[in-house]
Amino acid sequence: MSSSDLRDTLRQMLAVLEEERQALAGLDLDGIVGASNDKNRLCGTLEGVEPVQLDEECRGMLDTARRLNEVNRQVRNIIAANVSRRLDAMMGGPQLYRAGATYAVAGARA
């Protein structure tokens, strides 16, 4: 892959990660799924790139992409946790994880 193609692909990845962030913020399921598909496609394009092919600009874009992807992952996890909490509250079902009481008892014994 040429340096120019690599830069273009990384710019596309950054744009897709931004689109994903906006889709997550808007709870746009089609946008989230579309961004996931685009990220997979772009990862396939980047698969054969060797570290020696990366210049400073590409390394900077990769670092930015990693950070954006991590933020998006955290947002997805927060959304999933909120949905689980809401569903549990509606169903009256027990929560799977109740650290408060268990740790309070363990701390009192120590």
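Residues numbered from 1 in each chain as written. Predicted model: local features only at pLDDT ≥ 70, side-chain atom pairs only at ≥ 80, totals over all residues. Heavy atoms only, no water.

A count of helices and strands for the protein gives 4 helices and 0 strands. In the protein, the succession of α and β elements from N to C terminus is α-α-α-α. Looking at the protein residue by residue over its 110 residues, the buried ones come to 21%. If you take every contact in the protein between residues at least 6 apart in sequence, the share linking residues at least 24 apart comes to 75%. Of the accessible surface of the protein, which amounts to about 7,900 Å², a share of 56% is contributed by carbon and sulfur atoms. (Helix = DSSP H or I, 4+ residues; strand = E, 2+ residues; numbered from the N terminus. Buried < 20%, exposed > 50% of the residue type's maximum accessible area, 1.4 Å probe, protein only. Contact = heavy atoms within 4.5 Å. Areas by Shrake-Rupley, 256 points an atom, 1.4 Å probe, with all protein chains shown as cover.)

The phi angle at Leu 27 is positive, at roughly 50°, despite the residue not being glycine. Within the fold, Leu 27 resides in the loop between α1 (3-25) and α2 (29-46). Classification of Leu 27 by relative accessible area gives exposed; the value is 59%.

Before going further, it helps to examine the layout of surface pockets. Considered as a void within the structure, the largest pocket measures approximately 230 Å³ in volume. Leu 10, Met 13, Leu 17, Ser 36, Lys 39, Asn 40, Cys 43, Leu 46, Leu 62, Ala 65, Arg 66 and Asn 69 together form the lining of the largest pocket. The set of elements that each furnish at least two residues to the lining of the largest pocket consists of α1, α2 and α3 (56-91). Looking at the lining of the largest pocket, its residues break down into 7 nonpolar, 3 polar and 2 charged. (1 Å grid on protein atoms, 1.4 Å probe; cavity = no way out; pocket = protein on both sides within 12 Å on 5 of 7 lines; lining within 4 Å. Points joined across faces, edges and corners; volume = space filled by probe spheres on them. Nonpolar A, V, L, I, M, F, W, Y, C, P; charged D, E, K, R; others polar.)

Now for the packing of α1 against α2. A pair of packed helices is characterised by two quantities: the angle between their axes and the separation of those axes. At their nearest, the axes of α1 and α2 sit 9 Å apart, and the two run at 160° to each other. Judged on the interaxial angle alone, α2 and α1 are roughly antiparallel. The crossing of α1 and α2 is left-handed. Residues Leu 6, Thr 9, Leu 10, Gln 12, Met 13, Val 16, Leu 17, Glu 20, Ala 23 and Leu 24 of α1 pack against Gly 31, Ile 32, Ala 35, Asp 38, Lys 39, Arg 41, Leu 42, Cys 43, Thr 45 and Leu 46 of α2. Residue composition of the contact of α1 with α2, grouped by class: 12 nonpolar, 4 polar and 4 charged. (Axes fitted to C-alpha atoms, helices over the stretch in contact; angles between N-to-C directions. Parallel < 35°, antiparallel > 145°, perpendicular 65-115°, else oblique. Left-handed = near helix turned anticlockwise from the far one by under 90°.)

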